[in-house]
Amino acid sequence: MSSGKLIVISGASGVGKGTVLGIMMQKRSDLSFSVSATTRAPRPGEVDGKHYFFISRECFEEMISNDEFLEYDAHAANYYGTLKGQAEAKMKKGHVLLDIEPKGAAQVRKSASDATLIFIMPPSMEELERRLRGRGDTSEEQIKLRMERAVWEMEQRTWYDHVVINDDAERCADEILSIISGLED
Ligand code: 5GP
């Protein structure tokens, strides 16, 4: 029997989900992060097994056929997926945070009806673009693709359980933590 819940966090690439999740886990050590598998290349500073499991397309497709994903999606020319075994093991110890996009979130909602879905919005589109460029590792073409996708992603926020704005990472983390505390009452 698992005791924790799945907490899905979505929001456009560059919205600051990683920072917010990091603050949340510092403040609550019983929260754990489900490390996804992806076929995209690591960014500078990203660590295999910590930020993602970086695997080949061939390996990802084999794992799809072995039914190893709770959900997966192909976007920005790459696969991303939540590993079923890992999420289930971590749920035995507490709530598990999933940083996944809306198509994956919709799959989680179907398979885990008690999951909580939270959407993080940027303060503005200009700020989102500025943050994406600030990463310095994303090509012009990637920025264009990611901004187009951001518009679509933000339209999906209407069916999430909660929408929070990341105007300040610490404040945003606190808001999500209080949503999580509310689930425990
Ligand atoms: P990035 O390449 O910037 O790390 O992530 C791009 C997008 O992929 C983000 O919106 C992130 O939430 C999403 N993502 C990361 N891991 C997963 C996953 O396991 N499944 C799905 N569906 N999306 C994911």
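Preceding this section is the structure that the text describes.
Since the model is a prediction, treat every value here as computed from it, not as a measurement.

Caption draft 1: Expanded view of the nonpolar core. Among the nonpolar cores identified, the biggest contains 41 residues, and Leu-6, Met-24, Leu-97, Val-108, Ile-120 and Ile-176 are the most heavily contacted of them. Excluding its chain neighbours within four sequence positions, the residues that come into contact with Leu-97 are Ile-7, Leu-21, Met-24, Met-25, Leu-31, Ser-32, Phe-33, Ser-34 and Ile-180.

Caption draft 2: Inspection of the site of the ligand at higher detail. Ser-36, Tyr-52, Tyr-80, Asp-99 and Glu-101 are the nearest of the 20 residues found near the ligand. Within the side chain of Tyr-80, a nitrogen or oxygen atom sits 2.6 Å from an oxygen atom of the ligand. For the ligand, an oxygen atom lies 3.3 Å from a polar atom in the backbone of Thr-82. Relative to its unbound accessible surface of 510 Å², the ligand loses 96% to contact with the protein. Among the elements of the structure, strand E5 (69-75), strand E6 (78-83) and helix H6 (140-155) are those that each provide at least two residues to the shell around the ligand.

Caption draft 3: Seen up close, the pattern of salt bridges. In the structure shown here, the tally under the stated rule is 19 salt bridges. Note that Glu-101 and Arg-149 form a salt bridge whose closest N and O atoms lie 2.6 Å from each other. Of this pair, Glu-101 sits in the loop between strand E7 (96-99) and helix H4 (102-111) while Arg-149 is found in helix H6, placing the two residues 48 residues apart along the sequence. Across this residue pair, the class does not change: Glu-101 and Arg-149 are buried. The residue Arg-171 makes a salt bridge to Asp-167 at a minimum N-O spacing of 2.9 Å. The exposure class of Asp-167 is partly exposed, given its relative accessible area of 47%. Here the salt bridges share partners, and the residues they tie into one network are Asp-73, Glu-101, Arg-149 and Glu-153.

Criteria and thresholds
Residues numbered from 1 in each chain as written. Predicted model: local features only at pLDDT ≥ 70, side-chain atom pairs only at ≥ 80, totals over all residues. Heavy atoms only, no water. Core = buried A, V, L, I, M, F, W, Y, C linked by side-chain atoms within 4.5 Å. Buried < 20%, exposed > 50% of the residue type's maximum accessible area, 1.4 Å probe, protein only. Contact = heavy atoms within 4.5 Å. Near = heavy atom within 4 Å. Polar contact = N/O pair within 3.5 Å; in protein donor to acceptor, adjacent residues only side chain to side chain. Areas by Shrake-Rupley, 256 points an atom, 1.4 Å probe, with all protein chains shown as cover. Helix = DSSP H or I, 4+ residues; strand = E, 2+ residues; numbered from the N terminus. Salt bridge = Lys/Arg side-chain N within 4 Å of Asp/Glu carboxyl O.

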